[in-house]
Amino acid sequence: MRNMWIIAKRELYGYFATPMAFIFIAIFVALNGAFTFYIGRFFDRGQATLEAFFSFHPWLYLLLVPAVAMRLWAEERKSGTIEQLLTLPITTADAVVGKHLAAWIFCGSALALTFPIWITVSYLGDPDNGVIAVSYFGSFLMAGAFLSIGSCMSALTRNQIVAFIAASAVCFIFTMSGLDLVLNFFRGWAPGFLIDAIAATSFLVRFESITRGVIELRDLIFFLSMMVFWLFASTVAVDSKKAA
Amino acid sequence: METMVELDHLSKHFGSFVAVDDISLQVAKGEVLGFLGPNGAGKSTTMRMVAGFLTPTSGTVTVCGHDVVDDPVAVKSRIGYMAEGSPSYEDMTVRAFLSFIADIRGIPKNARAGRIGEVVEKIALEEVIDRSIDVLSKGYKRRVGMAQAIIHDPPVLILDEPTDGLDPNQKHHVRSLIEEMAPEKVIIISTHILEEVEAVCSRAVIIGNGKLLADGTADALLSQLPDHNAVCIVTAAASANDLKSKLQLIEGVDKIDQVDRGEGTAQLRCLPANGMSILDRVSEAARSSGIAFTEIYQDRGDLDTMFRQITVTEGGSRHA
């Protein structure tokens, strides 16, 4: 645990060493505002909820989270610092989890900085703060799951752009898998349990169920096991690809 | 002497390419071992396996009694490793970077600043301590790599080409650092510079195409070099043939090459039989011949020629 935290601290230092981190946070917050107020028609709804705000998160994360994750390993390999990192007295898992943790904290702080939207809705009406808190937590969980996919893609290449595109593509599959667009493709021929299984891997479906205000254990387990799986895959990828 | 690093039938394959081929050796405390060999010979790959970065395809590495595959963290915590080109986190300042390394190397918080101060003084990094690593010169970057390798005072130090790209002063500094630390540690360095072997290594191995080709004290190794102990005499071109015929009579002189040096001078290169020292005899004979000469010196041998021979005789399948 101690080693993971030291790695995470170093990684966070890396995020904030350049203005990129602040630009990213600014874009994230601005896009959230734009989506909520314009596309989500927050005012026209006349409801004191943040449903409009949260409904865009999966789509926002699809582009922004891979951008955070792409440098995690690709950069280490490109610059050769991976050799420095992995000859320190830590395990590969320490490094993988530590880096993921840093990226997660970074996304979490970007998410936390959207609080003015919550202030707005509280000022205008009387929202259910429990639902909002749970939705924030769900959004944070989903970001972590997206990041773990991004971490794995980043570990597979030394090119950050490739890592970004691959992560976006995989995240897109996991987001879309709950939509009829995808499910209809299988409905004609696949057995029911398979369709249910595909639908069950959808981030979108899971996240929507959380934003209704209840965190079910299975949704929590889904996001956590997604992270465990992809971080484990990252560890394998780092170990097998480090010399290439 | 206490064996601290042991390589046992170590091999590493990358696909069908054999980078390291069945290397076995033992290094004891107090030894400075030089890895010699042309680029792509397998020096870095071997060091990376000892440092725990690469997993051996077969064979074992044991450092201070711990196996690198079974207990990598124990091995890594006993090693200070500077990779080739000493890559470090360029976005950090020297202080932040060393502090990160000290932290993860388990130096307690209250001792950290003191230890960083010591290392910075030892390596002469005071001037750049608060600068970002990406703006440092190559020499300073190399020194930062050195500093992170010794910050936890490891019993085993592995330095991959520690003086590559440094200016003569910096090279000298690095070598004296190595000498200073040598009695307490096992130090393994890789190099392709002959003078470095002479200056710091107590023992040297030659690696070519992944194989261990020679292993011995630095002096013993030097004596195996082609042209070792050859004696060169520079004389006027007009009298070169005369002198050559006289020198050829000396016992122990195997062969004499004549090279035109321009400006009316020629160099005679006397190659000894069996690498024996013939300087005394040659200079004696030259003096007694009465023919004037302007220079006479003994050659230490030529590592480059040896490397070329290794690469050619081993089939020339080189890996860049």
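Thresholds, definitions, all that
- Residues numbered from 1 in each chain as written.
- Chains lettered and ligands numbered in written order.
- Predicted model: local features only at pLDDT ≥ 70, side-chain atom pairs only at ≥ 80, totals over all residues.
- Heavy atoms only, no water.
- Helix = DSSP H or I, 4+ residues; strand = E, 2+ residues; numbered from the N terminus.
- Rg over C-alpha atoms; globule rule 2.2 N^0.38 Å.
- Buried < 20%, exposed > 50% of the residue type's maximum accessible area, 1.4 Å probe, protein only.
- Contact = heavy atoms within 4.5 Å.
- Areas by Shrake-Rupley, 256 points an atom, 1.4 Å probe, with all protein chains shown as cover.
- Lys, Arg positive; Asp, Glu negative; His and termini not counted.
- Charge placed at Lys NZ, Arg CZ, Asp CG, Glu CD.
- Axes fitted to C-alpha atoms, helices over the stretch in contact; angles between N-to-C directions.
- Parallel < 35°, antiparallel > 145°, perpendicular 65-115°, else oblique.
- Left-handed = near helix turned anticlockwise from the far one by under 90°.
- Nonpolar A, V, L, I, M, F, W, Y, C, P; charged D, E, K, R; others polar.
- Pairing = 2+ DSSP bridges.
- Salt bridge = Lys/Arg side-chain N within 4 Å of Asp/Glu carboxyl O.
- Domains from an automatic or database assignment.
- Buried area = accessible area lost by both parts, 1.4 Å probe.
- Polar contact = N/O pair within 3.5 Å; in protein donor to acceptor, adjacent residues only side chain to side chain.

## A few points about the overall build of chain A
Turning to step 1, where the next piece is worked out: Broken down by element type, chain A carries 15 helices and 0 strands.
Turning to step 2, where the next piece is worked out: For chain A, whose C-alpha radius of gyration is 19 Å, the value lies close to the compact-globule estimate of 18 Å for 244 residues.
Turning to step 3, where the next piece is worked out: Dimensions of chain A, computed from the C-alpha atoms along their principal axes, are close to 55 × 50 × 30 Å.
Turning to step 4, where the next piece is worked out: Looking at chain A as a whole, 53% of its 244 residues are labelled buried.
Turning to step 5, where the next piece is worked out: Looking at chain A alone, contacts between residues at least 24 apart form 77% of all its contacts between residues at least 6 apart.
Turning to step 6, where the next piece is worked out: Taken as a whole, chain A presents about 10,900 Å² of accessible surface, with 72% of it coming from carbon and sulfur.
Turning to step 7, where the next piece is worked out: Positive and negative charge centroids in chain A, built from 16 and 15 side chains respectively, lie 9 Å apart.

## Topic: the packing of helix α1 (residues 2-16) of chain A against helix α8 (residues 92-112) of chain A
Relative orientation and spacing of two packed helices are given, respectively, by the angle between their axes and the distance between those axes.
All names here are of chain A.
Turning to step 1, where the next piece is worked out: With their axes 7 Å apart at the nearest point, α1 and α8 run at an angle of 45° to one another. It follows from the interaxial angle that α1 and α8 lie oblique. For α1 against α8, the interelement crossing comes out right-handed. Facing N3, M4, W5, I7, A8, E11, L12, Y15 and F16 of α1, the residues of α8 in contact are D94, A95, V97, G98, K99, L101, A102, A103, I105 and F106.
Turning to step 2, where the next piece is worked out: Among the residues forming the contact of α1 with α8, the class breakdown is 14 nonpolar, 2 polar and 3 charged.

## As for the pairing of strand β3 (residues 32-36) of chain B
Residues and elements named next belong to chain B.
Turning to step 1, where the next piece is worked out: The buried count for β3 comes to 5 of 5 residues, which makes it a mostly enclosed element.
Turning to step 2, where the next piece is worked out: Where burial is concerned, the two faces of β3 agree: the one with V32, G34 and L36 and the one with L33 and F35 are both buried.
Turning to step 3, where the next piece is worked out: Pairing between β3 and strand β8 (residues 186-191): 5 bridges, direction parallel. Within the sheet, the bridge partner assigned to F35 lies in β8 and is S190.
Turning to step 4, where the next piece is worked out: Looking at chain direction, β3 and strand β9 (residues 203-208) are connected through 4 bridges and run parallel. By the bridge assignment, L36 is partnered in β9 with I206.

## Section: the sheet that holds strand β5 (residues 66-67) of chain B
Residues and elements named next belong to chain B.
Turning to step 1, where the next piece is worked out: Strands sit in the order β2-β1-β4-β5 across an open sheet of 4 strands; the sheet is antiparallel. Edge positions in the sheet fall to β2 (17-28) and β5, since each has one partner strand and no second.
Turning to step 2, where the next piece is worked out: Here 5 bridges tie strand β1 (residues 3-14) to strand β4 (residues 58-63), and the two strands are oriented antiparallel to one another. Among the inter-strand pairings, D8 is bridged to a residue of β4, identified as T60.
Turning to step 3, where the next piece is worked out: Running at roughly 120° to β1, helix α1 (residues 43-50) makes contact with β1, β2 and β4 of the sheet.

## A few points about the pattern of salt bridges
Turning to step 1, where the next piece is worked out: Scanning the model with the defined rule gives 22 salt bridges over all chains in all.
Turning to step 2, where the next piece is worked out: When the shortest N-O distance is used, the salt bridge between R175(B) and E196(B) registers 2.9 Å. On the criterion of sequence distance, the pair formed by R175(B) in helix α6 (residues 168-181) and E196(B) in helix α7 (residues 194-200) is long-range, its members being 21 residues apart. Each member of the pair, R175(B) as well as E196(B), is classed as buried.
Turning to step 3, where the next piece is worked out: One connected set of salt bridges, linked through shared partners, spans R10(A), E11(A), R71(A), E75(A), E76(A), K99(A) and D91(B).

## A closer look at the domain arrangement of chain B
Turning to step 1, where the next piece is worked out: Looking at the assigned domains, one finds that chain B contains domain 1 (3-223) and domain 2 (231-299).
Turning to step 2, where the next piece is worked out: Put simply, the middle of domain 1 of chain B and the middle of domain 2 of chain B, counted by C-alpha atoms, are 43 Å apart.

## Examining the interface of chain B and chain A
Turning to step 1, where the next piece is worked out: Taken residue by residue, the interface counts 27 residues in chain B and 26 residues in chain A.
Turning to step 2, where the next piece is worked out: Taken together, both faces of the contact between chain B and chain A bury some 2,400 Å²; the carbon and sulfur share is 62%.
Turning to step 3, where the next piece is worked out: Considering only the side of chain B, the residues that lose the most area to chain A are F53(B), Y89(B) and I104(B), jointly responsible for 32% of the buried surface there.
Turning to step 4, where the next piece is worked out: On inspection of chain B and its partner chain A, the count reaches 4 salt bridges.
Turning to step 5, where the next piece is worked out: Counting the contacts that link chain B with chain A gives 8 residue pairs in polar contact (both at pLDDT 80 or more).
Turning to step 6, where the next piece is worked out: Breaking the side of chain B that touches chain A down by element, the ones donating at least two residues are α2 (72-77) and α3 (94-104) of chain B.
Turning to step 7, where the next piece is worked out: Considering each element in turn, the side of chain B that touches chain A owes the most residues, 6 residues, to α3(B).
Turning to step 8, where the next piece is worked out: Among the residues forming the side of chain B that touches chain A, the class breakdown is 15 nonpolar, 6 polar and 6 charged.

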